[in-house]
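# Architecture and fold: a report
The lines below spell out each chain.
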Amino acid sequence: NRDPEMDEIICCEPYLLRQLELIRPEVMVALGRIAIQTLLREKTAISRMRGRWYDYHGIPLMPTFHPAYLLRNPAEKRKVWDDMQEVMRKLGLEVPSRGRE
C-alpha cells in the first residue's frame, strides 16, 4: 500500500504501452491519483481531473476516483457513476436512466 517508485514506473511503462498497442482499447479509465498522475505525468489533484477526457498515446482516457477512496468517501460514488456514464457515451453504449438517487 504505497506509491510506486519512479524506477518501477519507468520499468513497467513499456510493457503497458505494448499491451495497449496489441489490445487497441477504445477508451481507458484511470482509477485514482497514482494512475492518472503517472500516466499523464501530471500533478493536478484527481478531484480536478476526473470527469474530463484526456489523451494517452491516442487513447481517450477518463480519470476517476479509486475504489478504495470510495470506501472511505461513499458520497463520491455519484461522481464516479457520472464518469462511467461518460465512458459509456464515448463507447456508444446506452446510458441507463438515473433511477433512484
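Numbering of residues begins from 1 in every chain and follows the order in which that chain's sequence is written. Residues qualify for local features only when their pLDDT is at least 70, as the model is predicted, and side-chain atom pairs are given and counted only at 80 or more; totals for whole chains, interfaces and linings, by contrast, use all residues. Hydrogens and water molecules were not included; the side-chain quantities draw on all heavy atoms of the structure.

With that settled, the discussion passes to the environment of Ile-36. In DSSP terms, a helix is any run of H or I states spanning at least four residues, a strand is any run of E spanning at least two, and both are numbered starting from the N terminus. With respect to the element layout, Ile-36 can be found in helix 2 (residues 33–40). For Ile-36 and Thr-64, which are 28 residues apart along the polypeptide, the C-alpha to C-alpha distance reads 8.5 Å. Dropping the residues within four chain positions of it, Ile-36 is found in contact with Ala-30, Arg-41, Ile-46, Met-49, Leu-61 and Pro-63. Note on definitions: a residue-residue contact is assigned when non-hydrogen atoms from the two residues lie within 4.5 Å.

Note: two strands are recorded as paired if DSSP finds a minimum of 2 bridges between them. Read across the open sheet, the three strands follow the order 1-3-2; overall the sheet is mixed. Every other strand in the sheet has two partners, leaving strand 1 (28–31) and strand 2 (54–56) as the edge strands with one partner each. With direction set aside, neighbouring strand axes in the sheet form an average angle of 45°. Examined bridge by bridge, strand 1 and strand 3 (residues 59–64) share four bridges and lie parallel to one another. Residue pairing for strand 3: Leu-31 is matched across the bridge by Thr-64. For helices, the axis comes from a line fit to the C-alpha atoms of the stretch in contact; other axes are also lines fit to C-alpha atoms, and the angle between any two N-to-C directions lies between 0 and 180 degrees. Contacting strand 1, strand 2 and strand 3, helix 1 (residues 6–23) crosses the sheet at an angle of about 100° to strand 2. The sheet contacts of helix 5 (residues 77–90) involve strand 1 and strand 3, and relative to strand 3 the element is tilted by about 165°.

Any two cysteine sulfur atoms within 2.5 Å of one another count as a disulfide. Considering all chains together, one arrives at zero disulfides under this definition. Here Cys-12 is not disulfide-linked; the sulfur of Cys-11 is the nearest cysteine sulfur, at 5.0 Å.

In this section: unusual backbone geometry. Even without a glycine there, the phi angle at Arg-41 is positive, about 50°. Structurally, Arg-41 can be placed in the loop between helix 2 and helix 3 (46–49). Only protein chains enter the accessibility calculation, which uses a 1.4 Å probe. A residue is then buried if its area is under 20% of the maximum for its type, exposed if over 50%, and partly exposed in between. The exposure class assigned to Arg-41 is partly exposed, which follows from its relative accessible area of 47%. Although it is not a glycine, His-57 adopts a positive phi angle of roughly 50°.

Within the largest apolar cluster, 13 residues are counted, with the highest numbers of intra-cluster contacts made by Met-28, Ile-36, Leu-39, Tyr-56 and Leu-61. Listing elements by their share of this core, those giving two or more residues are strand 1, helix 2, helix 3 and strand 3. If we skip the residues at most four places from it in the chain, Leu-61 touches Met-28, Val-29, Ala-30, Ile-36, Leu-39, Leu-40, Arg-52, Trp-53, Tyr-54 and Tyr-56. Residues enter a nonpolar core if they are buried and are Ala, Val, Leu, Ile, Met, Phe, Trp, Tyr or Cys, with the set joined through side-chain atoms within 4.5 Å.

As a further point, take the pattern of salt bridges. For this document, the term salt bridge refers to a Lys or Arg side-chain nitrogen within 4 Å of an Asp or Glu carboxyl oxygen. Scanning all chains against the criterion turns up seven salt bridges. In this structure, the salt-bridge partner of Arg-41 is Glu-13, at a minimum N-O distance of 2.8 Å. With Arg-41 in the loop between helix 2 and helix 3 and Glu-13 in helix 1, this residue pair connects regions lying 28 residues apart in the sequence. Among the ionic pairs, Asp-83 bridges to Arg-50, the shortest N-O distance being 2.6 Å. Here Asp-83, found in helix 5, pairs with Arg-50, found in the loop between helix 3 and strand 2; they are 33 residues apart in sequence, far enough to count as distant. Take Asp-83 and Arg-50: they sit in the same class, and that class is buried.

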